[in-house]
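# Architecture at a glance
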Amino acid sequence: MGGPRVLLGLASCAVCCQLVGGDYAYTPGENAAHLIQQAQISAAPALTAAVNSANAAGVDVDATGANASAQIRAIADLNLLSEVAAFAGSSLAKVDSDWKAHMASSELDVSNLLTAFRLAEEAGVPEDELQTAWSLVRTEILQQVKTAKYAVQTSVTPVTADRLAHAILAGHQVGVDAAELEAAREEFSGVLAGCATGTDMALLEVAVEHAGMARVAVPSPLVEWAAAQGSLVQANRWSADDRQRLPDFLGALARATELGLPASAERTEVQTKATSCATSLLNEVLARKPSQPSTAYVTEFLEALGFAQKAKVDSSQWIAASTQIQALGIAYLQEKLANDPNDHGKLGKAFEVGVLARVPGIDAKRAEYNAGLHSRLASAKRAIVSSPTAAGMEELAHAIALTHKLAHNADLLESARQAYAQALVGPFLASDVPFVKLAVEFASVARAKVPDTIMNWPSAESAVESALALPVEEDARNSQTFQQALLLVAQVGLPDTLQVTALRSRVRSGSTASLDEVLAKEGSMTLLELMPELVVVVELAKAAGANTSTAQTAASSLLTQILAGDRNDASALVQAFDLASAVGVSQVAERRAALQSDLQKRLVGTRSAAAGSGSVAAIEALARSIQVAHKLGLPIAEVESARATYAEQMQGNFSASDMVFVESAADFASLARVPVPGTVSAWMVALDSLRGALNSQSEDAGSLNALIQAIAACDAAGVPATAELEGARATAKALATAGMAQATAESGSVLALAMDAAVMAGIKEADILSGQAVLRS
């Protein structure tokens, strides 16, 4: 039918109850059909899988598995019985009276009706019965629309407006007469228009909230009015004793005033609560007046006073409070000027509080303070120009910072900063380090530029002091800390102060002993294994100016030994040269250059030998030559040329006899850092999969499927037909043939058992045949 297919909830439930627990009984033929069908369905998966595997392995199924194929086709023809439609019947017959009672007793849930009708249609309820029910629904809902419209025409209230909106929505959902719906919407629009007078705020809230349901546009002012009225209603639910709600009270009132919201009982009540709450807060803050002023209290006092004014607290109360806050502001400013003369943050806050508290003469006090600050800045600058001292630099930094924040004068500030920076030019001796350290520390306060040469002196000196403070008995464990401190001293050019000299002496004696201790381990460990520890000790010894000749001799001997040994060991060669460089062995660069010359000749030779040879040994030699050449820093052009030659050996039309070479070239490609061509890479992946399947082979179907998939992957990748691949094919065929024979035998057994079960259950042969017919129908 054309419209929504709807069935009442009552009728749908009746159908479901009949389906689940009705009086219907299967015929003997249908019972037999179920037994046979369940048996055949249980046998089908194993039988189908066996035939599919045989096909994939290349077995001729038509010749050896005809019985299996026939059984699969028979099973595929079977279908389950369908009983649902038989019970749809005339279950709508008793719905009329029940549904009308439902309509009269509560709001109609049209969404549930639509769902119920859909379920009824799916259950097979006849078309004419659905049409009858649908017509009934639309008639009843149209009557509701007319009734609700008349109710609004008679008396406009929140209740009648609500019912009209719900009726319009239901009418739209079931498709009642468009003209009637439009008339109802016009009536609802009239309700909204009447709300513009603001005489009934409760009606306004309901009308705006339900306008979307009635599909009626709401004028923008009414939307804002409704929101503001909602805020007042919400605020009215809060207690006047809840001071945390005071900003919410005031916010709701301010929004109502801003929008010109008409007076209402809710607005009056919220104003009363706001005034009461603000008065209570102001009295409470006044009662906690401290003996000594604080920023937190003055700020809280000002906030309470602001709330009192906005909440329309009696003027005499907040005027008296204002007088007290002025006195607090004066006391606060005087306390900060006396106790925090260099804290521009606190001083600025004190003047700000004085302004907010309307302290008498605050502007004159600020002007007097600014003039004194400018005079202080000029005096501090003259003292530094005359004779720079640590205390003078600190005073100038504070004067600059205060002037910048509280009494800004660009010319005075620029001149003072130039004087501060000039005092840091130097040169400086070790005895000047304390002055430099303090001056650099306060440079950020003065916003003055510090020369790069001394910027990090304070951090270097602190590192030295921290290192000297460590326990002497733990020097071996703290060697890295000592080294970092001495390296930092050298990097920043810190003069040799008493502390620096003491640290060098302490580290020098300790590093010499540590170096001897590390070299003594060479009997039980190779020098390369000792390399990390040896390098740390040597670097520390160098930083302290200690003698490292024993380490240099050992590293030089190791380098000679490595160069005379296996030159394919790139890692050992690189480590030997790195160790020799780290400990300061002489002529390291010359010996590296000689090795590179030999490697260049070797690279040319292995390239020539590998080109077109098809030799596993030649391609391996080229890969190792390329690896060593890359690690030892040969010219990149020569290395790339050798890599190109290597890559060419993996290109071409390869046969089964070439596969040993191809696999070796792919294996050694990572040494040479040469990408393996896509085709060869796919071969390697497919062959790895094939070998894995062969190695894990068993008699179960999963192993056979893995082998079949691996063979298919080799074929898809175009792997040449090696003896290994052909042997795998033969293995797969043998396993597939055996598996199909076993599955066929097992399937026949399951079907025979099903037939026996039907006979033992008392089902006649004719009924069994009838059941098979039902399944095929």
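Residues numbered from 1 in each chain as written. Predicted model: local features only at pLDDT ≥ 70, side-chain atom pairs only at ≥ 80, totals over all residues. Heavy atoms only, no water.

### Quick notes on the overall build of the chain
Here is the rule: Only runs of H or I of at least four residues qualify as helices and only runs of E of at least two qualify as strands under DSSP, and these elements are numbered from the N terminus. Throughout, exposure labels follow a simple rule: accessible area from a 1.4 Å probe, protein chains only, divided by the maximum for the residue type, with under 20% read as buried, over 50% as exposed, and the rest as partly exposed. Here, residues are in contact when the closest pair of their heavy atoms is within 4.5 Å.
The secondary structure content of the chain amounts to 35 helices and zero strands. Looking at the chain as a whole, 40% of its 777 residues qualify as buried. Restricting the contact set of the chain to residue pairs at least 6 apart, pairs at least 24 apart contribute 69%.

### Quick notes on the packing of helix 22 (residues 457-468) against helix 23 (residues 479-492)
Here is the rule: To get an axis, fit a line to the C-alpha atoms, keeping to the stretch in contact for a helix; angles then go from 0 to 180 degrees between the N-to-C directions. Here is the rule for angles: anything less than 35 degrees is roughly parallel, anything more than 145 is roughly antiparallel, 65 through 115 is roughly perpendicular, and the remaining ranges are oblique. By convention the crossing between two helices is left-handed if the near helix lies anticlockwise of the far one by an angle smaller than a right angle, and right-handed if it lies clockwise.
Two numbers describe how helix 22 lies on helix 23: the axes approach to 9 Å, and their chain directions differ by 155°. With respect to their mutual orientation, helix 22 and helix 23 come out roughly antiparallel. Along this stretch, helix 22 crosses helix 23, giving a crossing that reads as left-handed. On the side of helix 22, the interface is formed by Trp457, Ser459, Ala460, Ala463, Val464 and Ala467, while helix 23 contributes Phe482, Ala485, Leu488, Val489 and Val492.

### So, the nonpolar core
Quick reminder of the rule: Here, the term nonpolar core denotes a set of buried Ala, Val, Leu, Ile, Met, Phe, Trp, Tyr and Cys residues that are joined through side-chain atoms within 4.5 Å.
Ranked by internal contacts, the top residues of the largest apolar core, which has 83 residues, are Phe188, Leu192 and Leu204. Filtering out sequence-adjacent residues up to four positions away, phenylalanine 188 remains in contact with Ala161, Leu164, Ala165, Ile168, Ala207, His210, Ala211, Ala214 and Val216. If you look at the next biggest cluster of nonpolar residues, it comprises 61 residues, including Leu573, Ala576, Ile619 and Leu622.

### Concerning the packing of helix 26 (residues 549-564) against helix 27 (residues 570-583)
In plain terms, the rule: Side-chain classes follow a simple rule in which Ala, Val, Leu, Ile, Met, Phe, Trp, Tyr, Cys and Pro form the nonpolar group, Asp, Glu, Lys and Arg form the charged group, and the remainder, Gly included, forms the polar group.
At a minimum axis separation of 9 Å, helix 26 and helix 27 run at an interaxial angle of 155°. One way to sum up the angle between helix 26 and helix 27 is to call them roughly antiparallel. Judged by the sense of rotation from one axis to the other, the crossing of helix 26 with helix 27 is left-handed. Residues Ala551, Gln552, Ala555, Leu558, Leu559, Ile562 and Leu563 of helix 26 form the contact with helix 27, whose participating residues are Ala572, Leu573, Ala576, Phe577, Leu579, Ala580 and Val583. A breakdown of the residues in the contact of helix 26 with helix 27 according to their chemical character gives 13 nonpolar, one polar and no charged.

### Brief notes about the pattern of salt bridges
Threshold: The term salt bridge refers to a side-chain nitrogen of Lys or Arg lying within 4 Å of a carboxyl oxygen of Asp or Glu.
Summed over all chains, the structure comprises 18 salt bridges. For arginine 288, the salt bridge is made with glutamate 284, and the minimal N-O distance between the two is 2.6 Å. Assessed through its relative accessible area of 26%, glutamate 284 is described here as partly exposed. Three or more residues joined by partner-sharing salt bridges are found here, namely Glu335, Lys336, Asp340 and Lys346.

### Description of unusual backbone geometry
Of note, the phi angle at arginine 447 is positive, near 55°, even though the residue is not glycine. Structurally, the position occupied by arginine 447 is in the loop between helix 20 (433-446) and helix 21 (452-455). Located in the positive-phi region is arginine 673, a residue other than glycine, with phi close to 60°. Within the secondary structure layout, arginine 673 lies in the loop between helix 31 (659-672) and helix 32 (678-695).

### A word on the side chain of lysine 149
If you trace the backbone, lysine 149 turns up in helix 7 (residues 127-154). Its relative accessible area of 18% is what places lysine 149 among the buried residues.

### Structural notes on the packing of aromatic side chains
Between two aromatic rings, the relevant description is the distance of the centres plus the angle of the planes. Condition: Pairing of aromatic side chains here covers Phe, Tyr and the six-membered ring of Trp, requires ring centres within 6.5 Å, and sorts the geometry by plane angle: under 30 degrees stacked, over 60 edge-to-face, intermediate tilted.
Scanning the entire structure with this criterion turns up four aromatic pairs. Arranged with centres 6.1 Å apart and planes meeting at 55°, the rings of tryptophan 238 and phenylalanine 249 form a pair that is tilted. Taken together, the residues tryptophan 238 in the loop between helix 11 (220-236) and helix 12 (246-259) and phenylalanine 249 in helix 12 connect sequence positions eleven residues apart. Taken as a pair, tryptophan 238 and phenylalanine 249 share a single burial class, namely buried. Taking the centre distance of 6.2 Å and the plane angle of 40° together, the rings of phenylalanine 428 and phenylalanine 435 count as tilted. For the pair shown, phenylalanine 428 and phenylalanine 435 are each scored as buried. Pairwise contacts between aromatic rings join Phe428, Phe435 and Trp457 into one cluster.

### Digging into helix 17 (residues 362-386)
The line we're drawing: To estimate how far a helix should extend, the number of its residues minus one is multiplied by 1.5 Å.
Counted at 1.5 Å a residue, the expected span for helix 17 with its 25 residues is 36 Å, and the 37 Å between its end C-alpha atoms agrees. Within the span of helix 17, buried status applies to Ile362, Tyr369, Asn370, Leu373, Leu377, Ala380 and Ile384.

### Things to note about helix 7
Counted at 1.5 Å a residue, the expected span for helix 7 with its 28 residues is 40 Å, and the 41 Å between its end C-alpha atoms agrees. Burial in helix 7 covers these residues: Glu129, Leu130, Ala133, Trp134, Leu136, Val137, Ile141, Val145, Ala148, Lys149 and Val152.

### Things to note about the side chain of threonine 722
Mapped onto the elements of the fold, threonine 722 is located in the loop between helix 33 (701-717) and helix 34 (723-760). Each residue touching threonine 722, except ones within four places of it in the same chain, is listed here: Ala656 and Met659.

### Let's talk about the environment of valine 145
Tracing the sequence through the fold places valine 145 in helix 7. Judged by relative accessible area, valine 145 falls into the buried class, the value being 1%. For the pair valine 145 and alanine 167, spaced 22 residues apart in sequence, the C-alpha separation works out to 5.0 Å. If we skip the residues at most four places from it in the chain, valine 145 touches Leu164, Ala167, Ile168, Glu180, Leu181 and Ala184.

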